[in-house]
Amino acid sequence: MKLSPYISFNGNCSEAVMFYEKAFNAKAEIMRYGDAPPSGGYQAPAGTENFVMHAQFDIQEGVTVMLCDYPPNESVNVGTNIALMAEFDSVDSATSAFNALKEGGAVIMELQETFWSKLFGSLTDKFGIIWNISIGCPEE
């Protein structure tokens, strides 16, 4: 399992990515909402085409930071805008962790296949920590 911080922004993620690239001498991979492929009827919310849907960069080998913008109709509060991304190697381990973490918590997105992951789900655990549970890319 790989564990990475996932930082969310209110529309200024591009600026943050440039700042962190310079600070860590890194180059980020960026996907904007407007770049997302059509999947299951998903359409980027109006006005978010240039918002960052997902960006990531490595600070050093094995240490990845992930970032995104929330759509304008949702917002994050600075200070509570960091989640933990737990990337698993198997469906069983990801499902087991998700089910354990959701006890006493609140599911944000049930585990499901997405265009970016074979399995992805998000929840807030009973201690208020946001977890994104993921396993690999979907089959081509």
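Attention now moves to the overall build of the protein chain. Tallying secondary structure elements over the protein chain gives 2 helices and 8 strands in all. Ordered by position in the sequence, the α and β elements of the protein chain form the string β-α-β-β-β-β-α-β-β-β. Taken over the C-alpha trace, the protein chain has a radius of gyration of 15 Å; the compact-globule value for 140 residues is 14 Å, and the two agree within 12%. With the C-alpha coordinates aligned to their principal axes, the bounding extent of the protein chain is approximately 35 × 35 × 35 Å. Within the protein chain, contacts between residues at least 6 apart in sequence are counted, and of these 50% link residues at least 24 apart. Only carbon and sulfur atoms are counted for the fraction: they give 53% of the accessible area of the protein chain, which is about 8,500 Å². Counting 7 positive and 18 negative side-chain charges, the protein chain places the averaged centre of each group 5 Å from the other.

What follows covers the sheet that holds strand β2 (residues 29-32). Taken in spatial order, the 8 strands of this open sheet run β2-β3-β4-β1-β5-β8-β7-β6, and their pairing is mixed. In this open sheet, the two strands that pair with only one neighbour each are β2 and β6 (106-112). Neighbouring strand axes in the sheet, compared pairwise and without regard to direction, differ in orientation by 20 degrees on average. Two elements, β2 and strand β3 (residues 52-60), share 4 bridges in a ladder whose sense is antiparallel. If you follow R32 over to β3, its bridge partner there is V52.

In this section: the environment of A36. For A36, the location among the structural elements is in the loop between β2 and β3. With 34 residues separating them in the primary sequence, A36 and K2 have C-alpha atoms 24 Å apart.

For the rest of this paragraph, the subject is the environment of A26. Tracing the backbone through its elements, the reader meets A26 in the loop between α1 (13-24) and β2. In this structure the C-alpha to C-alpha distance between A26 and Q56, which are 30 residues apart in sequence, comes to 9.8 Å.

Attention now moves to the packing of aromatic side chains. In total, this model carries 5 aromatic pairs according to the counting rule given. With centroids separated by 5.4 Å and ring planes inclined at 70 degrees, the aromatic side chains of F19 and Y20 adopt a geometry described as edge-to-face. Residue F19 is classed as exposed on the basis of its relative accessible area of 55%. Ring geometry for F115 versus W116: centroids 5.1 Å apart, planes at 85 degrees, classification edge-to-face. Residue classification places F115 among the partly exposed residues on the basis of a relative accessible area of 23%. On the basis of relative accessibility, which here comes to 40%, the residue W116 falls in the partly exposed class. Cluster of aromatic residues (ring-pair linked, three or more members): F19, Y20, F24 and F57.

The rules behind each value
- Residues numbered from 1 in each chain as written.
- Predicted model: local features only at pLDDT ≥ 70, side-chain atom pairs only at ≥ 80, totals over all residues.
- Heavy atoms only, no water.
- Helix = DSSP H or I, 4+ residues; strand = E, 2+ residues; numbered from the N terminus.
- Rg over C-alpha atoms; globule rule 2.2 N^0.38 Å.
- Contact = heavy atoms within 4.5 Å.
- Areas by Shrake-Rupley, 256 points an atom, 1.4 Å probe, with all protein chains shown as cover.
- Lys, Arg positive; Asp, Glu negative; His and termini not counted.
- Charge placed at Lys NZ, Arg CZ, Asp CG, Glu CD.
- Pairing = 2+ DSSP bridges.
- Axes fitted to C-alpha atoms, helices over the stretch in contact; angles between N-to-C directions.
- Phe/Tyr/Trp six-rings, centres within 6.5 Å; stacked < 30°, edge-to-face > 60°.
- Buried < 20%, exposed > 50% of the residue type's maximum accessible area, 1.4 Å probe, protein only.

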